[in-house]
Amino acid sequence: TTFYISYFNTAITFVGLIAIVVSIAYTDNINESMSKYVSIDAMYDAMSCIKSTEGNYEDSLLTFRTRSGAIYGLSLFFMATSLSFIDQANWQSRIAAKPVQGVIGFFIAAIMFFCLPATIALPATLTYASMAYENGTHLLSQNEIVNGFITPFVLEKIMGSTGAYLLITSITMALMSTGSGEVMAVSSIVVYDIYKVYINPFRRLLTPTSCILCGLQKVGGKHEVCSCPTSAECIDCSKDLKRKSKTRDFAVQYTCPVHGDYRHYEDLLMHHKSWCIVWVTISVIPYALVVYASNINLTWVIFFMQGTISPFAIPLLLAIIWSRCTSPGVITGCVVGLIGCIAANFVVTEVVYEGGLSNFFINTIQDYSLLAGCVAGISLSSVCTIVTSLLTNKIKTEEDVAHEWDKTISINNPLNPWQRLYEEELAQFPPGTKPTAAIMGQIFRSARNVAVYGGLSFVFLFLVVVPAVVLSFGVLTREQFSSYLTFSYVICFLAAVFVVIAPPTEEMYQIVKTWKSSRNTEIQKEKVPKTELSRL
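Residues numbered from 1 in each chain as written. Predicted model: local features only at pLDDT ≥ 70, side-chain atom pairs only at ≥ 80, totals over all residues. Heavy atoms only, no water.

Under the annotation held in an unreviewed UniProt entry, the chain carries the name Urea active transporter 1 and is attributed to Magallana gigas. The record held by UniProt for the chain lists under Subcellular location (unreviewed entry) the comment "Membrane". What UniProt records for the chain under Sequence similarities (unreviewed entry) is the sentence "Belongs to the sodium:solute symporter (SSF) (TC 2.A.21) family." (UniProt positions renumbered as here; feature names shortened; annotations may be inferred.)

Encoded structure:
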């Protein structure tokens, strides 16, 4: 259900963007009085006459050679990467898919992300600039500009109520898609990471390698080992599931002596999560009203928040890939990195910019302030996490490293084990083979290669190739300016086509593939009795 909702929301968003772009750039469906402002010539003339701030090549706005732009670009790389990496909603989407699909989907989403500002914000800003240039002054207040009102203002002027409705529809669909993911992420943290672990756990005083059903250890040793059967092979569980499918009553009495109590516990958690989603959604409304009433600078909120998030990425990464990483190391790295990030930002703000911290909401999101905060936060969090982990970890031998891996693979749901999801990949090994780190690395080698080499290629592309190409131009000519806008529109069209066509095509392919697999299984089952009879 979540997939289909996200698909339709995203598809409608891009269709709305295409409708706006086509109406503005390729049709006459705009107000006649505004037609002179949306032409490429009008935009180019206005940007040619408006002088830029200090740091641009030849004091022009028609250039990519801008000092502040380069620093902002580097800062945004750190901030956007950190934000995407630590976002719980992103992790839930990635884990729901298999590794290769998740990695490729992440890369495709990163490319499509660039379509949004290039196709809406840029033309709207350029149109506003041409309007303000002819008017001789700004048409919006400074507070309205920093809060993002340029785009709705321009679309309403150009397309009338149609433009306003299209923009509202696109924004609403985007908010429904991303907002629903974030609400579910917060609800999952509250229920599964707080309530389930600390408030009302199913079984207390468990070690990371203990079976949550019986409390015994899952790995071998001097202690008694768990022998609980899997739910897929449990006859009582099959009966319970059939009984549950025939009723909507929450208080279903499960009869399985092994899995029944935990299945009821999972139902209870799902019930709590449903209510948590409701209350989190409701709580967003007063929060939004408070933000609106405070008249806070939303641009500052976005940039400063992303800057303070950057120190958390490396500790999280180390917690995933480094067996010697410890919880004290992660906590110390995050806390020290956050303090260092804020301190560096404030110091640079006070020293470099006029007005210092007295002009807080403007100077703390300037280029050097953000860059200093990101670099200091990431560096301190990395060093502190590594040093503290080396001092506090208890790993001395390779057996200790293997035990850490056992903790990882023991994170499982006995009713829906991860081995079932990767049954096809694990089938290449003999039944009962313990999935060691080497085996998992062999199975998902292609996914790792795609992630590593694809990630490095994207970093090289967006931090080296693209900047080198655009910086090779000085002040853009009229033809170069027109080509840049056209290229942005083409990318948006391609992204919209991909968004609308690719997901349902992939879904149909998976449905047909599953149907054929099930059909072949049924045929094989039908052949077994005949084979037995022929032997007799």
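What follows picks up the thread again.
A. A look at the overall build of the chain. Regarding its fold elements, the chain presents 23 helices and zero strands. With respect to the principal axes defined by its C-alpha atoms, the chain has extents near 90 × 60 × 45 Å. Within the span of the chain, comprising 536 residues, buried residues form 32% of the whole. Here the analysis covers contacts within the chain between residues at least 6 apart in sequence; of these, 70% occur between residues at least 24 apart. Per element, the accessible surface of the chain, about 32000 Å² overall, is 66% carbon and sulfur. Of the side-chain charges in the chain, 36 are positive and 38 negative, and the distance between the mean point of each set is 12 Å. (Helix = DSSP H or I, 4+ residues; strand = E, 2+ residues; numbered from the N terminus. Buried < 20%, exposed > 50% of the residue type's maximum accessible area, 1.4 Å probe, protein only. Contact = heavy atoms within 4.5 Å. Areas by Shrake-Rupley, 256 points an atom, 1.4 Å probe, with all protein chains shown as cover. Lys, Arg positive; Asp, Glu negative; His and termini not counted. Charge placed at Lys NZ, Arg CZ, Asp CG, Glu CD.)

B. Quick look at the environment of Val197. Relative to the assigned elements, Val197 resides in helix α10 (residues 161-199). Sequence separation between Val197 and Lys157 is 40 residues; the distance between their C-alpha atoms is 54 Å.

C. Molecular detail of the pattern of salt bridges. The full count for this structure, using the stated rule, is six salt bridges. Where Arg478 meets Asp41, a salt bridge forms, and the shortest distance between an N and an O atom there is 3.3 Å. With Arg478 in helix α23 (residues 478-535) and Asp41 in helix α3 (residues 40-49), this residue pair connects regions lying 437 residues apart in the sequence. Here Glu404 and Lys407 are joined by a salt bridge, their closest N and O atoms 3.2 Å apart. Placement of the pair is Glu404 and Lys407 together in helix α18 (residues 398-409), with a separation of three residues, close to one helical turn. We classify Glu404 as partly exposed; its relative accessible area is 23%. The network of salt bridges with common partners includes Asp41, Asp45 and Arg478. (Salt bridge = Lys/Arg side-chain N within 4 Å of Asp/Glu carboxyl O.)

D. Spotlight on the packing of aromatic side chains. Scanning the entire structure with this criterion turns up 20 aromatic pairs. Residues Tyr262 and Tyr265 carry aromatic rings whose centres are separated by 5.9 Å and whose planes lie at 40 degrees to one another, so their mutual orientation is tilted. One end of the pair, Tyr262, and the other, Tyr265, are both in helix α12 (residues 260-294), three residues apart, so they sit about a helical turn from each other. For Tyr262, a relative accessible area of 1% puts it in the buried group. The rings of Trp300, Phe304, Phe346, Phe360 and Phe361 are connected pair by pair, giving a single aromatic cluster. The lysine or arginine in question, Arg65, covers the ring of Tyr57, its NZ or CZ lying 4.9 Å from the ring centre. (Phe/Tyr/Trp six-rings, centres within 6.5 Å; stacked < 30°, edge-to-face > 60°. Lys NZ or Arg CZ within 6 Å of the ring centre and 35° of its normal.)

E. Highlighting the side chain of Thr63. Following the sequence through the fold, Thr63 ends up in the loop between α3 and α4 (67-86). When its relative accessible area of 9% is taken as the criterion, Thr63 is described as buried. At 3.0 Å, the side chain of Thr63 forms a polar contact with the backbone oxygen of Gly474. Each residue touching Thr63, except ones within four places of it in the same chain, is listed here: Asn56, Tyr57, Phe473, Gly474 and Val475. (Polar contact = N/O pair within 3.5 Å; in protein donor to acceptor, adjacent residues only side chain to side chain.)

F. View of the confidence of the model for the chain. For the chain, mean pLDDT is 84; residues scoring 70 or higher make up 95% of the total. Mean pLDDT values for the elements of the chain range from 76 in helix α2 (residues 35-38) up to 95 in helix α15 (residues 327-352). Counting interchain partners and residues more than four positions distant, the pLDDT-below-50 stretch residues 530-536 has zero contacts. (pLDDT = per-residue confidence, 0-100.)

G. Expanded view of the nonpolar core. Counting 29 residues, the largest nonpolar core has Phe14, Ile20, Ile24, Tyr128, Phe153, Val154 and Ile158 as the members making the most contacts within it. Listed by contribution, the elements that provide at least two residues to this core are α1 (2-25), α2, α7 (115-135), α9 (150-159) and α23. In terms of residues, this core owes the most to one element, α1, which gives seven residues. In this structure, Cys211, Tyr262, Tyr265 and Cys276 belong to the second largest nonpolar core, which totals eleven residues. (Core = buried A, V, L, I, M, F, W, Y, C linked by side-chain atoms within 4.5 Å.)

H. How the structure looks around the environment of Gln217. Position of Gln217 among the secondary structure elements: in the loop between α10 and α11 (235-245). Sequence separation between Gln217 and Thr207 is ten residues, and the spatial gap between their C-alpha atoms is 8.2 Å. For Gln217, the contacting residues outside a window of four places in its chain are Thr207, Thr209, Ser210, His223, Glu224, Val225 and Cys226. A distance of 2.4 Å separates polar atoms of two side chains, one belonging to Gln217 and the other to Thr209.

I. Local environment of the packing of α7 against α9. At a minimum axis distance of 9 Å, the contact between α7 and α9 shows a crossing angle of 70 degrees. With respect to each other, α7 and α9 are oriented roughly perpendicular. Across from Ile120, Ala121, Ala124, Thr125, Thr127, Tyr128 and Met131 in α7, the residues of α9 making contact are Ile150, Thr151, Phe153, Val154, Lys157 and Ile158. Taken together, the residues of the contact of α7 with α9 sort by class into nine nonpolar, three polar and one charged. (Axes fitted to C-alpha atoms, helices over the stretch in contact; angles between N-to-C directions. Parallel < 35°, antiparallel > 145°, perpendicular 65-115°, else oblique. Nonpolar A, V, L, I, M, F, W, Y, C, P; charged D, E, K, R; others polar.)

J. Seen up close, unusual backbone geometry. One non-glycine residue with positive phi stands out, namely Glu58, at about 55 degrees. If you trace the backbone, Glu58 turns up in the loop between α3 and α4. Given a relative accessible area of 56%, Glu58 falls into the exposed group. The backbone of Asn295 shows a phi angle near 55 degrees, a positive value even though the residue is not glycine. Examined against the element boundaries, Asn295 turns out to sit in the loop between α12 and α13 (298-309). Judged by its relative accessible area of 48%, Asn295 is partly exposed.

K. Here's a closer look at the packing of helix α6 (residues 99-113) against α7. Relative to each other, α6 and α7 sit at 15 degrees, their axes nearing to 4 Å. Taken together, α6 and α7 sit at an angle that is classed as roughly parallel. Here Ile111, Met112 and Phe113 of α6 lie close against α7, whose contacting residues are Cys115, Leu116 and Pro117. Among the residues making up the contact of α6 with α7, the classes are represented as six nonpolar, no polar and no charged.

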